[in-house]
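Fold and geometry: a report
Given next are the chains, with one letter for each unit.
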Amino acid sequence: MSTTTTIKPRAVARSPFAALAWLCLAIAIIGFSATYWVQLPRGTVIASPLLHLHAILTTGWLILLVLQTRWIVTGQVGKHRSWGVFGVALATALVVTGVAVAIESLRHRLGTPYEATARPFLIVPVSTVLEFGCFVTAALLMVRRPEVHKRLMLVATGTMLNAAAARFVFFALRGYAPGARPGIGESPPVGAAIVITALGLLPVFVGMVIDVRRRGRPHPAYACSIPILMSFAVLRVPLSQTAAWNDVVNWLLAFSELPHG
C-alpha cells in the first residue's frame, strides 16, 4: 500500500515543524548573505574549494530538512524514509568537511599574530560539528519515536546555525566589506561563542515555546538537549586554555597533513 497522500498546503502551513525548518533555512540564508551569498556572484568571496563544498552541503542539509518535514506532514512517509538514507550520508559529510574547514582556517593563521587566539578558538567549530553529529545520531536512534526524533533533528540543525549567528554579530560589529567574513583575521574570544550558541538555537527555543503552548511544558528532548549544549558552551572557555586541548590541536594539524587514501 502506498504511503503517499495528496499534498495539503494548509496542513503544511499549520505544521510547527515545517515552519521551524523554514526558519532554520531563513536564518542560514540571511546570516550568510552579506559574507557569502551577496559576494559570491561578485567574485569577492575569499574561500577555498573546501569551504565552498561545506557551504553546499550545509545548504543541502537545510533544504532537505524543509523537504523532510513537508513529506511527513503530507503523508509521504516512504519518501521521507528513502531520503533519510541520503540525509545520513549528508550529515557524515558535513561533520568531516566541518572539521577540515576548521583546521584549514587555523592553518592559515599559523606563524601569524592571529595564531595565539586561533588555537584555543578551534575548540568552537570542532566541538560544534561533533555536537551536530552526536544529535543526528541520537535522532536516528529514536527514529521509532517520532516526537523525539524530529525534535533532536531540530536541535542538531540548531547547532549548525551558530555559524550563521556569528555572521549576524560580525556584520553588526564590522559592517560590510568585500571579502570580509569570520575566519579571516583574529579569532574572537571563546567565550563569545556562548552567546552565539544561544542565538543559533533560536528555532529550538521557538519549538519549546510552541510545546509549552500546546503541551503545557517543553518536550524532554528539548529539556535535556539545551542544558547539555549551553553547559558545554561554557565549559569550552576553560578547556580551550588547557595543555590537553593544545595537544589535540597539534594532533589535528599533524593528522591533516598525513597522506590519505
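Since this is a predicted model, take the numbers as computed values, not measurements.

Let us look at a nonpolar patch on the surface. Nonpolar side chains collect at one region of the surface, where Ile-29, Ile-30, Trp-37, Leu-40, Phe-168, Val-169, Val-195 and Leu-199 lie side by side and expose about 660 Å² of accessible area between them. Every element with two or more residues in the nonpolar patch is listed here: α2 (16-37), α8 (162-174) and α9 (192-200). Take the nonpolar patch: its biggest share by element is 3 residues, from α2. Tracing the backbone through its elements, the reader meets Val-169 in helix α8.

What follows concerns the confidence of the model for the protein. When pLDDT is averaged along the protein, the result is 88, and 89% of the positions lie at 70 or above. For residues 1-7, every residue scores under 50 in pLDDT, and the model assigns this stretch 13 contacts once sequence neighbours within four places are set aside.

Once that is clear, we can look at the layout of surface pockets. Approximately 760 Å³ is the volume attributed to the second largest pocket. Around the second largest pocket, the lining comprises 29 residues; the ones closest to its centre are Gln-68, Ile-72, His-80, His-149 and Lys-150. Within the residue set of the lining of the second largest pocket, elements represented by two or more residues are α2, α3 (49-73), α4 (77-109), α6 (123-141) and α7 (146-160). Ranked by residues supplied to the lining of the second largest pocket, first place goes to α4 with 8 residues. Each residue belonging to the lining of the second largest pocket can be placed in one class, and the counts come to 18 nonpolar, 7 polar and 4 charged.

For the rest of this paragraph, the subject is empty space enclosed by the protein. This structure, assessed with the given rule, holds 1 cavity of 30 Å³ or more. Considered as a void within the structure, the largest cavity measures approximately 40 Å³ in volume. Around the largest cavity, the lining residues are Thr-128, Glu-131, Thr-159, Asn-162, Thr-197, Leu-229, Ala-233 and Arg-236. Residue contributions to the lining of the largest cavity peak at 3 residues, all from helix α11 (residues 220-239). Grouping the amino acids of the lining of the largest cavity by side-chain chemistry returns 2 nonpolar, 4 polar and 2 charged.

What follows concerns the pattern of salt bridges. Counted by the stated rule, this structure contains 4 salt bridges. Measuring nitrogen to oxygen at the nearest pair gives 2.8 Å for the salt bridge that ties Arg-151 to Glu-147. Taken together, the residues span about one helical turn, with Arg-151 and Glu-147 both in helix α7 at a distance of 4 residues. Classification of Arg-151 as buried rests on a relative accessible area of 3%.

Of all hydrophobic cores here, the largest spans 37 residues; its most connected members are Trp-61, Leu-62, Phe-132, Val-136, Leu-154, Val-204 and Tyr-222. Mapped onto this core, the elements with two or more residues apiece are α2, α3, α4, α6, α7, α10 (202-215) and α11. Beyond its immediate chain neighbours, meaning those up to four positions away, Val-136 contacts Trp-61, Ala-91, Met-153 and Ala-156. With 17 residues, the next largest nonpolar core counts Phe-121, Val-124, Val-190 and Leu-252 among its residues.

Under the 1.5 Å per step criterion, the end-to-end length of α2 is only 28 Å for 22 residues, more than 12% shorter than the ideal 32 Å. At Gly-31, α2 shows its largest kink, close to 35°.

If you walk through the whole model with that rule in mind, you get 5 aromatic pairs. Aromatic side chains Trp-83 and Phe-86 sit 5.5 Å apart centroid to centroid with 85° between the ring planes, which places their arrangement in the edge-to-face category. Of this pair, Trp-83 and Phe-86 both sit in helix α4, 3 residues apart, which is roughly one turn of the helix. Classification of Trp-83 as partly exposed rests on a relative accessible area of 40%. Considering the side-chain rings of Trp-251 and Phe-255, the 5.2 Å spacing of their centres and the 15° angle between planes classify their relative orientation as stacked. Of this pair, Trp-251 and Phe-255 both sit in helix α12 (residues 243-257), 4 residues apart, which is roughly one turn of the helix. Given the relative accessible area of 53%, Trp-251 is considered exposed.

The next point concerns the environment of Thr-197. Relative to the assigned elements, Thr-197 resides in helix α9. For Thr-197, a relative accessible area of 8% gives the class buried. With 33 residues separating them along the chain, Thr-197 and Met-230 place their C-alpha atoms 7.3 Å apart. Setting aside its immediate chain neighbours within four residues, Thr-197 contacts Asn-162, Met-230, Ala-233 and Arg-236.

A separate point is the environment of Val-234. Within the secondary structure layout, Val-234 lies in helix α11. Look at Val-234 and you get partly exposed, because its relative accessible area is 44%. Taking C-alpha positions, Val-234 is 8.6 Å from Ala-193, a pair spaced 41 residues apart along the chain.

Criteria and thresholds
- Residues numbered from 1 in each chain as written.
- Predicted model: local features only at pLDDT ≥ 70, side-chain atom pairs only at ≥ 80, totals over all residues.
- Heavy atoms only, no water.
- Patch = residues over 30% accessible without salt bridge, like charges linked within 9 Å, V, L, I, M, F, W, Y side chains within 5 Å.
- Areas by Shrake-Rupley, 256 points an atom, 1.4 Å probe, with all protein chains shown as cover.
- Salt bridge = Lys/Arg side-chain N within 4 Å of Asp/Glu carboxyl O.
- Helix = DSSP H or I, 4+ residues; strand = E, 2+ residues; numbered from the N terminus.
- pLDDT = per-residue confidence, 0-100.
- Contact = heavy atoms within 4.5 Å.
- 1 Å grid on protein atoms, 1.4 Å probe; cavity = no way out; pocket = protein on both sides within 12 Å on 5 of 7 lines; lining within 4 Å.
- Points joined across faces, edges and corners; volume = space filled by probe spheres on them.
- Nonpolar A, V, L, I, M, F, W, Y, C, P; charged D, E, K, R; others polar.
- Buried < 20%, exposed > 50% of the residue type's maximum accessible area, 1.4 Å probe, protein only.
- Core = buried A, V, L, I, M, F, W, Y, C linked by side-chain atoms within 4.5 Å.
- Expected span 1.5 Å × (residues − 1).
- Bend = angle between axes of the 7 residues up to and from the residue.
- Phe/Tyr/Trp six-rings, centres within 6.5 Å; stacked < 30°, edge-to-face > 60°.

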